[in-house]
Amino acid sequence: MKEYSRKRILVTGGAGFLGSHLCERLVTAGHDVLCVDNFYTGTKDNIAHLLDAPNFEMMRHDVTFPLYVEVDEIYNLACPASPVHYQQDPVQTTKTSVHGAINLLGLAKRVKARILQASTSEVYGDPSVHPQHEQYWGNVNPIGVRSCYDEGKRCAETLFADYYRQHRVDIRIARIFNTYGPRMHPADGRVVSNFITQALAGEALTVYGDGTQTRSFCYVDDLVDGLIRLMEAPSPFAEPVNLGNAAEVTIGEIAREVIRVTGARVPIQHASLPADDPRQRCPDLTLAARRLGWSPATTLADGLARTVRYFVQRAAPSVHRPPGGPSGVPADVQQRAVSAAPARVGQAGERAQQVRA
Ligand code: NAD
Ligand code: UDP
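Residues numbered from 1 in each chain as written. Chains lettered and ligands numbered in written order. Predicted model: local features only at pLDDT ≥ 70, side-chain atom pairs only at ≥ 80, totals over all residues. Heavy atoms only, no water.

Caption draft 1: A look at the site of ligand 1. Close contacts around ligand 1 come from 31 residues, with Leu18, Asp37, Thr41, Tyr149 and Lys153 the closest. Between asparagine 38 and ligand 1, the recorded distance is 3.2 Å, taken from a side-chain N or O atom to a nitrogen atom. In this structure, tyrosine 40 approaches ligand 1 through a main-chain N or O atom, which is 2.9 Å from an oxygen atom. Here ligand 1 loses 96% of its free accessible area of 820 Å² to cover by the protein chains. Elements with a contribution of two residues or more to the shell around ligand 1: helix H1 (17-28), helix H3 (90-111), strand S5 (114-120) and helix H4 (147-167). It is S5 that contributes the most residues to the shell around ligand 1, three residues altogether. Residue composition of the shell around ligand 1, grouped by class: 15 nonpolar, 12 polar and four charged. (Near = heavy atom within 4 Å. Polar contact = N/O pair within 3.5 Å; in protein donor to acceptor, adjacent residues only side chain to side chain. Areas by Shrake-Rupley, 256 points an atom, 1.4 Å probe, with all protein chains shown as cover. Helix = DSSP H or I, 4+ residues; strand = E, 2+ residues; numbered from the N terminus. Nonpolar A, V, L, I, M, F, W, Y, C, P; charged D, E, K, R; others polar.)

Listed below in structure tokens is the structure:
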């Protein structure tokens, strides 16, 4: 990479699911990457393969406290994303979004860095407009169990918009819709990781409610492409942009697709629907296509197969253990899942090899 195009890039939440993929992509592109994380939901394992790279650095830090570093770009991803995790300590969740945004916008203003906020489709709440376009203001309960996340992210968007209007900080806002892929935490409670973990363990898949609620799932590699394109788009670019995949499916359909891809012979079990669970979710991606020339490329079947393969490999014993032993994945299910998933899943690892080389 030419010296003038090599940037110093801060990724907060860089040890999490999305953050670790983003760090990997930026390190591979030759940038100097500083990953900041307090390991609330992220893990050192997610970034272990990057630690030897001379252009990667890790700092344990909580974004609710100010940070003083010299950087050219900031991707602000720090915030637990799974309802199970963000509801565990809701006050900290709001603080992470709000104080985190204030601290990082202050940093961006001081060092004149471009800054991107990982916002969310949750700003639309339980939407009455479908699919959701960026002009829709949303339908969010301000005092419900999801509010710490939804309203925290909405307030962060407000702060970003005001730092742009008041201080001309070069901002970007990505409204990210449900994203899945390798490195989702198996215990983080999100639907794709839950279903895959359950299927591989030979357990019933827990569909909340009647399973007719919808979501639209984007594969992580596509999403990371979108984030980088948004960051690299010419200034000014202050309006929020949806990033996701417009292929809308019901949760019941996702359950059946996971059963198909894993080859598991497991039933579907219904459980009660969590409070304020949105009925439907699907992005209108017109703006992303027009302004970024971006649209997702990975089909659900392909993305799920790669994700399943990751979970199988993650659970596989590193030394020989009896079949169906402590890995928790019965040997026959492992075998069926590995042969069902295409070999491309190793992509992340392959990129890491390139980084080390
Ligand atoms: P994740 O939980 O895997 O990653 C979040 C990371 O932020 C973790 O590494 C965690 O340790 C770190 N973190 C949390 N609080 C922090 C704090 N106070 N200081 C420093 N680090 C902190 O979640 P993810 O799926 O990778 O999501 C990343 C970002 O993208 C989040 O901001 C999330 O709101 C947003 N997002 C994700 C999705 C999705 O489907 N994955 C959808 C919409 C928005
Ligand atoms: N869900 C489910 N079973 C699970 C986990 C989640 O049926 O084991 C449902 C959940 O109620 C919601 C959808 O799947 O309707 C997506 O949930 P997730 O937590 O992944 O994301 P979010 O609700 O934040 O979009």
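Caption draft 2: Quick look at the packing of helix H5 (residues 191-200) against helix H9 (residues 300-315). In contact at an axis separation of 10 Å, H5 and H9 are set at 55° when each is read in the N-to-C sense. Looking at the two axes, H5 sits oblique to H9. In this structure, H5 meets H9 at a crossing whose hand is right-handed. Taken together, the residues of H9 that come into contact with H5 (itself represented by Val192, Ser193, Ile196, Thr197 and Leu200) are Leu304, Thr307, Val308, Phe311 and Val312. Of the residues contributing to the contact of H5 with H9, the split by class is seven nonpolar, three polar and no charged. (Axes fitted to C-alpha atoms, helices over the stretch in contact; angles between N-to-C directions. Parallel < 35°, antiparallel > 145°, perpendicular 65-115°, else oblique. Left-handed = near helix turned anticlockwise from the far one by under 90°. Contact = heavy atoms within 4.5 Å.)

Caption draft 3: Seen up close, the site of ligand 2. Within the structure, ligand 2 sits among 17 residues, and Asn194, Thr206, Tyr208, Arg215 and Asp277 are positioned closest to it. Note that an oxygen atom of ligand 2 is positioned 2.5 Å from one of the side-chain N or O atoms of aspartate 277. Where the shell around ligand 2 is concerned, the elements lending two or more residues are H5 and strand S8 (205-208). Along the lines of polarity and charge, the residues of the shell around ligand 2 split into seven nonpolar, five polar and five charged.

Caption draft 4: Structural detail: the confidence of the model for the chain. On average, residues of the chain carry a pLDDT of 90, and 88% of them reach 70 or more. Every residue in residues 319-357 scores below 50 in pLDDT, and together they form 61 contacts with partners more than four places removed in sequence or on other chains. (pLDDT = per-residue confidence, 0-100.)

Caption draft 5: Region of the structure containing the packing of aromatic side chains. Applying the stated criterion to the full structure yields six aromatic pairs. Ring geometry for tyrosine 180 and phenylalanine 217: centres 6.4 Å apart, planes at 80°, overall edge-to-face. One end of the pair, tyrosine 180, is in strand S7 (residues 179-180); the other, phenylalanine 217, is in the loop between strand S9 (214-216) and strand S10 (218-219), and 37 residues separate them in sequence. Overall, tyrosine 180 belongs to the buried group, its relative accessible area being 1%. Seen from the ring of tyrosine 164, arginine 168 lies directly overhead, with NZ or CZ sitting 4.5 Å from the centre. (Phe/Tyr/Trp six-rings, centres within 6.5 Å; stacked < 30°, edge-to-face > 60°. Buried < 20%, exposed > 50% of the residue type's maximum accessible area, 1.4 Å probe, protein only. Lys NZ or Arg CZ within 6 Å of the ring centre and 35° of its normal.)

Caption draft 6: Seen up close, the pattern of salt bridges. Enumeration over the complete set of coordinates arrives at 19 salt bridges. Residue arginine 154 is joined to glutamate 151 by a salt bridge in which the shortest nitrogen-to-oxygen separation is 3.4 Å. Of the two residues, arginine 154 and glutamate 151 both sit in helix H4, three residues apart, roughly one turn of that helix. We classify arginine 154 as partly exposed; its relative accessible area is 28%. Glutamate 151 sits in the partly exposed class, given a relative accessible area of 26%. Close ionic contact of arginine 172 with aspartate 170 constitutes a salt bridge, the shortest N to O distance being 3.0 Å. We classify arginine 172 as buried; its relative accessible area is 0%. (Salt bridge = Lys/Arg side-chain N within 4 Å of Asp/Glu carboxyl O.)

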